[in-house]
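# Examination of the molecular architecture
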Amino acid sequence: MIALGGGVPCLWLDQVDSTNDEARRRAMNGAQGPLWICARVQEKGRGRRGRQWVSKDGNLFASLLYRPVRPLSQRAQLSFVAALALHDALTHVFESLSGRLFCKWPNDLLLDGAKLAGILLESEQDWVVMGLGVNLLHAPDDSERPAISLQKATGLAIDRLDMLKALSRSTQIRVAQWEEEGFAPIREDWLARATGLGSDIVVRLEENELRGRFCGLADDGALLLRPRSLGLEGQAADPHEGMIRITAGDVFPALKGA
Ligand code: BTN
């Protein structure tokens, strides 16, 4: 066990199935948190929507176990808290990233338009696990969702522990802000760093796709889409705004003319 800034402990493992799974096991065994679990490699790293998260030595795999005070109904907001904390940490360590690093709904970080990091929020009973994967050295090949590593983008070798210390500090600050002030300031700061806001997007859902303009975030973090075709407006649309609220999906920029 090592201590990160602010006295938050971190269990640093050589190898694990998934740092989220280890955090979950510890929560079930009564660990109160806050507690970071990190690993050099993950054998079964997991991403959103059941995807695999390729977890090679050199990247950062970190999960924070913590027991929120705010009610269960607000927990999904924590993925925006985590994205902002990671944005804060990265731009603190690498000032040159400002203006190149953006938050992508629901919880990715894009650097120069490619995926640098992903967040997997899991929650049960009174605990949450905020799992963050950051491509420090390697980026997986994925033509549909292009990825990038910090080393490729900055030319710098990054120490994982230094990155984690910065992340732990910024997470403490953002979590405290959320616990004390609620979602409004988190939402505002996230939107100020969002990619694609006001532009045309395609949202891929489990069974179909929606097209429209990305108009903002609802109070609970749902993406607000102004549909392009009238045919979409009947589905779960907010009658006041004419917007569709989307709570889960993959976002892509709409190709011009498509
Ligand atoms: C995504 O973009 O789909 C989310 C990826 C989250 C990956 C991290 S790595 C640390 C933690 N452990 C996991 O198994 N997943 C998360």
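Residues numbered from 1 in each chain as written. Predicted model: local features only at pLDDT ≥ 70, side-chain atom pairs only at ≥ 80, totals over all residues. Heavy atoms only, no water.

## Some thoughts on the site of the ligand
In the vicinity of the ligand there are 20 residues, among which Ser-18, Gln-42, Arg-46, Arg-48 and Lys-115 approach most closely. A distance of 2.8 Å separates an oxygen atom of the ligand from a polar side-chain atom of Ser-18. Between an oxygen atom of the ligand and a side-chain N or O atom of Lys-115, the distance comes to 2.5 Å. Taken by itself the ligand offers 420 Å² of open surface, and the protein chains cover 99% of this. In this structure, the ligand is accommodated by the largest pocket. If you list the elements that add at least two residues to the shell around the ligand, you get helix H1 (19-28), strand E4 (60-66), strand E7 (114-124) and strand E8 (127-134). The element that contributes the greatest number of residues to the shell around the ligand is E7, accounting for four residues. When grouped by side-chain class, the residues that make up the shell around the ligand number six nonpolar, 10 polar and four charged. (Near = heavy atom within 4 Å. Polar contact = N/O pair within 3.5 Å; in protein donor to acceptor, adjacent residues only side chain to side chain. Areas by Shrake-Rupley, 256 points an atom, 1.4 Å probe, with all protein chains shown as cover. 1 Å grid on protein atoms, 1.4 Å probe; cavity = no way out; pocket = protein on both sides within 12 Å on 5 of 7 lines; lining within 4 Å. Sits in = over half its atoms within 2 Å of the grid points. Helix = DSSP H or I, 4+ residues; strand = E, 2+ residues; numbered from the N terminus. Nonpolar A, V, L, I, M, F, W, Y, C, P; charged D, E, K, R; others polar.)

## Describing helix H2 (residues 78-93)
With 16 residues, H2 should reach 22 Å at 1.5 Å per residue; the first-to-last C-alpha distance of 22 Å fits that figure. The buried fraction of H2 amounts to 13 of the 16 residues, a majority that puts the element mostly inside the structure. (Expected span 1.5 Å × (residues − 1). Buried < 20%, exposed > 50% of the residue type's maximum accessible area, 1.4 Å probe, protein only.)

## Let's talk about unusual backbone geometry
In this model, Gly-33 is joined to Pro-34 through a cis peptide bond whose omega is 0 degrees. Note on placement: Pro-34 falls in the loop between H1 and strand E3 (35-42). Backbone geometry at Gln-125 places phi at a positive 45 degrees, although glycine is not the residue there. Note that Gln-125 resides in the loop between E7 and E8. Accessibility expressed as a relative area gives 57% for Gln-125, which makes it exposed.

## What to know about the domain arrangement of the chain
What the domain assignment lists for the chain is domain 1 (2-192) and domain 2 (199-246). For domain 1 and domain 2, the distance between their C-alpha centres works out to 27 Å. Taken together, the contacts link nine residues of domain 1 with 13 residues of domain 2. The junction of domain 1 with domain 2 conceals about 900 Å² of combined surface from both sides, 56% of it contributed by carbon and sulfur atoms. Ranking the residues of domain 1 by area buried against domain 2 places Arg-49, Trp-105 and Arg-187 at the top, with a combined share of 55%. Its salt-bridge partner being Arg-49, residue Glu-206 comes within 3.5 Å of it at the nearest N-O pair. (Domains from an automatic or database assignment. Contact = heavy atoms within 4.5 Å. Buried area = accessible area lost by both parts, 1.4 Å probe. Salt bridge = Lys/Arg side-chain N within 4 Å of Asp/Glu carboxyl O.)

## Considerations on the sheet that holds E7
Overall, mixed pairing links the eight strands, which are arranged E1-E2-E3-E4-E8-E7-E6-E5 in an open sheet. Sheet topology places strand E1 (2-3) and strand E5 (101-104) at the edges, where each strand pairs with a single neighbour. Of the strand pairs in this sheet, E1 and strand E2 (residues 9-16) are connected by two bridges, and their pairing is antiparallel. Pairing of Ala-3 across the sheet is with Pro-9, part of E2. (Pairing = 2+ DSSP bridges.)

## Some remarks on the environment of Cys-103
Residue position: Cys-103 is located in strand E5. Distance from Cys-103 to Gly-196, taken between C-alpha atoms, is 9.3 Å for residues 93 residues apart in sequence. The contacts of Cys-103, once residues within four sequence positions are left out, are His-87, Asp-108, Leu-109, Trp-190, Arg-193, Ala-194 and Thr-195.

## Some thoughts on the pairing of strand E11 (residues 223-227)
With respect to burial, E11 is a largely interior element, four of its five residues being buried. Alignment of strand E10 (residues 209-217) against E11, held across five bridges, turns out to be antiparallel. Looking at the pairing, Gly-212 lines up with Pro-227 of E11. Where E10 folds back on E11, the antiparallel hairpin that results is connected by five residues, among which Gly-221 adopts a positive phi of roughly 95 degrees.

## Some thoughts on the nonpolar core
With 59 residues, the main nonpolar core has Trp-36, Leu-90, Leu-150, Leu-164 and Trp-190 as its most contacted residues. Residues from two domains meet in this core; each of domain 1 (2-192) and domain 2 (199-246) gives at least three. Ranked by size, the runner-up nonpolar core spans eight residues in total, among them Leu-11, Ala-27, Ile-37 and Val-129. (Core = buried A, V, L, I, M, F, W, Y, C linked by side-chain atoms within 4.5 Å.)

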